[in-house]
Amino acid sequence: MTREISLNDLMDAHEHNERILVDVRSPGEFEEGSIPGSVNIPIFDNEERAEIGTIYKQVGQEAAKERGLEIFAAKLPAFVKQFKALGGPVSVFCWRGGMRSKTAATMTELMGVDVNRLTGGIRTYRQWVVKSLEDYEFKPELLVLNGYTGSGKTVILNQLKEEGYPVIDLEQMAGHRGSVFGQIGLNPSNQKKFDSLLITELRKLKDSPYILIEGESRRIGRVHMPEFLHQKKEKAPQLFLDLPADVRVQNILEDYQPDDVPEQFMEAFGKIERRIHTPISREIRQFLTNGEFREAFRLLLVHYYDPRYEHAISSQDGSHTFIKAESMDEAYEKVKEAADSFRYSASRQH
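The model shown is predicted, which means the values in this text are computed figures rather than measured ones. (Residues numbered from 1 in each chain as written. Predicted model: local features only at pLDDT ≥ 70, side-chain atom pairs only at ≥ 80, totals over all residues. Heavy atoms only, no water.)

## As for the pairing of strand S2 (residues 20-23)
- Two elements, S2 and strand S4 (residues 90-93), share four bridges in a ladder whose sense is parallel. Paired with Val-22 across the strands is Val-92, a residue of S4.
- Examined bridge by bridge, S2 and strand S3 (residues 39-40) share two bridges and lie parallel to one another. From the neighbouring strand, Val-22 faces S3, where its bridge partner is Val-39.
- Crossover handedness for the path S2 to helix H2 (residues 27-32) to S3: right-handed. (Pairing = 2+ DSSP bridges. Helix = DSSP H or I, 4+ residues; strand = E, 2+ residues; numbered from the N terminus. Right-handed = clockwise from strand over helix to strand, strands pointing away.)

Here you go:
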């Protein structure tokens, strides 16, 4: 009989690096959302899963099982080898904790792998994520980094995170930069994936007196941040970066690499074109057509992003601190100084 592990025990073991999590679902299912930090070693690839599903619908369960066994038997040696290469105790899971995880656990255990499987599968985990976010008691103070489009907010936060500051990167979790061009070059997350990544980070930082985040709207690409986080963000102290337009345009060019996918920028621009005064929008379209992205982005900042941004920040309740800088290095040092000051006051309250 294959050993089972409850979700609570699994999460605890994973947080303490005591067990390696293996998702044995297809790559497509894994990409839709899994337990953060897990490894994908699929029993069936996307095409094989589709084939077995078709057999199940058209012929029946028994025929689907037989075909599944035939496919899996051929890849069993390589499958076991992948498990052994992980070099530690393993917990496996599939969608419901059914046939796939049971087969994986049974076969790898026979070959000497220390393995158990998650009771209820990832469906149980998904239910836990939703409930955890609904009931979440957010204790740390928030410090929000804001700034005009192209201010390098994400770059600065990532630098701070590398230095050990408590940062939650909402854009990275969402797979979106929060603008009309925000998904270009990225793989947008669905809500399931975003929620899983968010609750993981919140749990890691639950004892921190404060957390740094970027000033996002409630919706980021395809996903929404939870109401409790959005409300806390709206009332939190805000740092506003003010950098020269040239620096901001350069940041955008480096981040988006528009020369690689010019047609995607033209398509995205089409969604906002009507909101910009006609002579200007015509000029921007011409610059995009000619591949003159620096000029196009400069006009977009002045005539679209900056006015919208000024309108958005006027509705926020938190205290505002403006950080004027001439370069990214200067901006980083000033934000770091502000974060250190905020950490001191938050620690005293905490």
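## Considering unusual backbone geometry
- One non-glycine residue, Asn-17, adopts positive backbone phi at about 55 degrees.
- Checked against the element boundaries, Asn-17 lands in the loop between helix H1 (7-15) and S2.
- Judged by its relative accessible area of 70%, Asn-17 falls in the exposed class. (Buried < 20%, exposed > 50% of the residue type's maximum accessible area, 1.4 Å probe, protein only.)

## Concerning helix H4 (residues 61-85)
- Along H4, the sharpest change in direction is near 60 degrees and occurs at Leu-76; proline Pro-77 comes one to four residues later.
- Of the residues making up H4, those classed as buried are Ala-64, Gly-68, Ile-71, Phe-72, Phe-79, Val-80 and Phe-83.
- Along its buried surface, H4 packs onto S2, helix H3 (46-58), S4 and helix H5 (99-110).
- One or two residues past the end of H4 sits Gly-87, with phi positive at roughly 70 degrees. (Bend = angle between axes of the 7 residues up to and from the residue. Contact = heavy atoms within 4.5 Å.)

## As for the environment of Arg-123
- Turning to its location among the elements, Arg-123 is positioned in helix H6 (residues 121-134).
- Arg-123 gets classed as partly exposed once you look at its relative accessible area, which sits at 36%.
- Each C-alpha atom of the pair Arg-123 and Cys-94 lies 8.5 Å from the other, and the pair is 29 residues apart in sequence.
- With residues near it in sequence (within four places) discarded, Arg-123 still touches Trp-95 and Arg-96.

## Section: the pattern of salt bridges
- Applying the stated criterion across every chain yields a total of 25 salt bridges.
- Residue Glu-51 pairs with Arg-67 through a salt bridge whose shortest N-O separation is 2.7 Å. Taken together, the positions of Glu-51 in helix H3 and Arg-67 in helix H4 put the pair 16 residues apart, joining distant regions of the chain.
- By relative accessible area, which is 24% here, Arg-67 ends up partly exposed. (Salt bridge = Lys/Arg side-chain N within 4 Å of Asp/Glu carboxyl O.)

## Some remarks on H6
- Over its 14 residues, H6 runs 21 Å from end to end, which matches the ideal 20 Å to within 8%, given 1.5 Å per residue.
- Buried residues along H6 sit against H1, S2, S4, strand S5 (115-118), helix H9 (191-204) and helix H10 (227-235). (Expected span 1.5 Å × (residues − 1).)

## Describing the packing of H4 against H5
- Orientation of H4 relative to H5, taken along the N-to-C sense of each, is 45 degrees, at an axis distance of 10 Å. Taken together, the axes of H4 and H5 are oblique relative to one another. Where H4 crosses over H5, the two elements pack in a sense that is right-handed. Residues Lys-65, Phe-72, Leu-76, Phe-79, Val-80 and Phe-83 of H4 touch H5, and the partners they reach there are Met-99, Thr-103, Ala-104, Met-107 and Thr-108. (Axes fitted to C-alpha atoms, helices over the stretch in contact; angles between N-to-C directions. Parallel < 35°, antiparallel > 145°, perpendicular 65-115°, else oblique. Left-handed = near helix turned anticlockwise from the far one by under 90°.)

## What to know about the side chain of Thr-108
- Mapped onto the fold, Thr-108 is located in helix H5.
- For Thr-108, a relative accessible area of 0% gives the class buried.
- Residues contacting Thr-108, with those up to four places away along its chain left out, are Phe-79, Val-80, Phe-83, Val-113 and Val-115.

## A closer look at the sheet that holds S3
- Overall, parallel pairing links the five strands, which are arranged S1-S5-S4-S2-S3 in an open sheet. Looking along the sheet, the strands with just one partner apiece sit at the ends: strand S1 (4-5) and S3.
- For S1 and S5, the ladder comprises two bridges, and the chain directions are parallel. When the bridges of S5 are listed, Ile-5 appears paired with Leu-118.

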